[in-house]
Amino acid sequence: MTDARLSDVPLPRPGGHLPPWPGAMVPVTDGEVFVRHTPWCGPVPAEGTPDDAPPADAPRERALYVHGLGGAATNWTDFAGLLAVRFDGWALDLPGFGQSAPPRRYSVQGHVQAVVDVLEWIVARPGPGQGEPVHLAGNSLGGLVTVLVAARRPDLVATLTLISAAMPVYRVPAALDRAVALVLLPGIPALASRRLATISPEQRVRGLLQTCFGDPSRVPPERIAEAVEETRRRDAQPWSGQALTRSLRGLMTSYLRVGRANAWRTAASVQAPTLVVWGDRDRLVDPRLAPRLAGVLPDSRLQVQAGVGHLAMLEAPEPTARAVLALAEDVAARRAPEGAVRSAAGQA
């Protein structure tokens, strides 16, 4: 484990409100999921130079972003926009969230299969980067899912970024204490749906801001308005309440796996170079897990962000993006000598 390095490449400067990226439905094993696409823009031109097309040798790779419990692909809007200097980016709505229909059965392994299916779809797409492994990032539940994906399909994953990954714990944070106890009881998903219907979207978004952000004042008003509107759209879906509670139940059930199926043991088998990101004000997943997770992963670097909560890619997109870019740069530099050796051997 080492401390994360930050890339110094120029990044796009804020130029007003960035709307959510467009997307489309993609077929997966258990139906279809909605996937948003952030197109590669190439390096930012140096100040004072004409805004010409990116150089032909500019790095262009592919990335997939996986949100957490109750989230959606829109959680990655600004972050993906920054990483577009190097990546063609995709972000999916996990089954039952965002614009994706629910699966037949909610489980962590079901989410893993959906992510594997989307990765295979991305790898197969024509154009620069076709056939190459993908840079994979996950937050919270999405972090746990991507650990399992990286261990199961190392051929699909170039690097792994884990932002407050929901690794198994046996002492539940106070913010989730009561909810976790309730969600394991039969009949609770239906009760939760009725209870949620009595709380306005504005109230729910304000509550999430207080729980998930180290400093809620950092959230732009436009993003709050988007979250409220997305909550209204989700409320119109008949499965919205059950998606949250049944996914939480699936997450808690996964924590009971022992032996080789345990996520901590699985993490030790991950081959991809991995960045572990945590906010030291995370109220949902204990920041003390950050060095433990980084220590378990065979090839890892750690970034702990001061004053940041559970959603570093939303609350602090630039330092998080710079750490991801540095990881991709270092992995590319590591591969370059290997490529040169192979080339020289072929000429000999």
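Presented here is an overview of the structure given in this document. (Residues numbered from 1 in each chain as written. Predicted model: local features only at pLDDT ≥ 70, side-chain atom pairs only at ≥ 80, totals over all residues. Heavy atoms only, no water.)

## Looking at the packing of aromatic side chains
Then step 1. All chains considered together, the criterion is met by four aromatic pairs.
Then step 2. Centroid distance Tyr65 to Phe79: 5.8 Å. Interplanar angle 75°. Geometry classified as edge-to-face. Taken together, the positions of Tyr65 in strand S4 (residues 61–66) and Phe79 in helix H1 (residues 77–83) put the pair 14 residues apart, joining distant regions of the chain.
Then step 3. Accessibility expressed as a relative area gives 2% for Tyr65, which makes it buried.
Then step 4. Take Phe79: its relative accessible area is 0%, and that puts it in the buried class.
Then step 5. Pairing Trp90 with Trp121 gives two aromatic rings, centres 6.4 Å apart and planes at 85°, and the pair type is edge-to-face. Pair noted here: Trp90 is in strand S5 (residues 87–92) and Trp121 is in helix H2 (residues 108–124), with a separation of 31 residues, a long-range link.
Then step 6. Ring-pair connections join several aromatic residues into one group, and the members of that group are Tyr65, Trp76 and Phe79.
Then step 7. Between Arg292 and the ring centre of Trp264, over which it is positioned, the NZ or CZ distance is 3.7 Å. (Phe/Tyr/Trp six-rings, centres within 6.5 Å; stacked < 30°, edge-to-face > 60°. Helix = DSSP H or I, 4+ residues; strand = E, 2+ residues; numbered from the N terminus. Buried < 20%, exposed > 50% of the residue type's maximum accessible area, 1.4 Å probe, protein only. Lys NZ or Arg CZ within 6 Å of the ring centre and 35° of its normal.)

## Some points on the packing of helix H6 (residues 201–212) against helix H7 (residues 221–235)
Then step 1. Close contact between H6 and H7 brings their axes to 9 Å; oriented N to C, the two are set at 125°. Of the possible angle classes, the one that applies to H6 and H7 is oblique. Judged by the sense of rotation from one axis to the other, the crossing of H6 with H7 is right-handed. Contact residues: H6 offers Pro201, Glu202, Arg204, Val205 and Leu209, while H7 offers Ile224, Ala227, Val228, Thr231, Arg232 and Asp235.
Then step 2. Counted by class, the contact of H6 with H7 contains six nonpolar, one polar and four charged residues. (Axes fitted to C-alpha atoms, helices over the stretch in contact; angles between N-to-C directions. Parallel < 35°, antiparallel > 145°, perpendicular 65-115°, else oblique. Left-handed = near helix turned anticlockwise from the far one by under 90°. Contact = heavy atoms within 4.5 Å. Nonpolar A, V, L, I, M, F, W, Y, C, P; charged D, E, K, R; others polar.)

## Structural notes on the sheet that holds strand S6 (residues 134–139)
Then step 1. Overall, mixed pairing links the nine strands, which are arranged S1-S9-S8-S7-S6-S4-S5-S3-S2 in an open sheet. Of all strands in the sheet, those bounded by a partner on one side alone are strand S1 (2–3) and strand S2 (23–28).
Then step 2. Inspection of the sheet shows strand S8 (residues 274–279) paired to strand S9 (residues 300–305) by six bridges, in the parallel sense. Residue pairing in the sheet places Val277 in a bridge with Gln303 of S9.
Then step 3. Its contacts with the sheet place helix H3 (residues 141–152) against S4, S6 and strand S7 (157–163), and it is angled at close to 145° to S6. (Pairing = 2+ DSSP bridges.)

## Some details on the pairing of S5
Then step 1. By the criterion of burial, S5 is predominantly enclosed, with six of the six residues buried.
Then step 2. Burial along S5 is two-sided: the face carrying Phe87, Gly89 and Ala91 and the face carrying Asp88, Trp90 and Leu92 are both buried.
Then step 3. Where strand S3 (residues 31–38) lies against S5, four bridges are found, and the strand directions are antiparallel. Looking across to S5, one finds that His37 is bridged to Trp90.
Then step 4. Across six bridges, the pairing between S4 and S5 is parallel. Looking at S5, one finds that Tyr65 is bridged to Ala91.
Then step 5. Note that the unit made of S4, H1 and S5 has a crossover that is right-handed. (Right-handed = clockwise from strand over helix to strand, strands pointing away.)

## Observations regarding unusual backbone geometry
Then step 1. Unlike most non-glycine residues, Ser140 shows phi in positive territory, near 60°.
Then step 2. For Ser140, a relative accessible area of 10% corresponds to the buried category.
Then step 3. For Ser164, which is not glycine, the phi dihedral falls at a positive 50°.
Then step 4. Along the polypeptide, Ser164 turns up in the loop between S7 and helix H4 (177–183).
Then step 5. Given a relative accessible area of 1%, Ser164 falls into the buried group.

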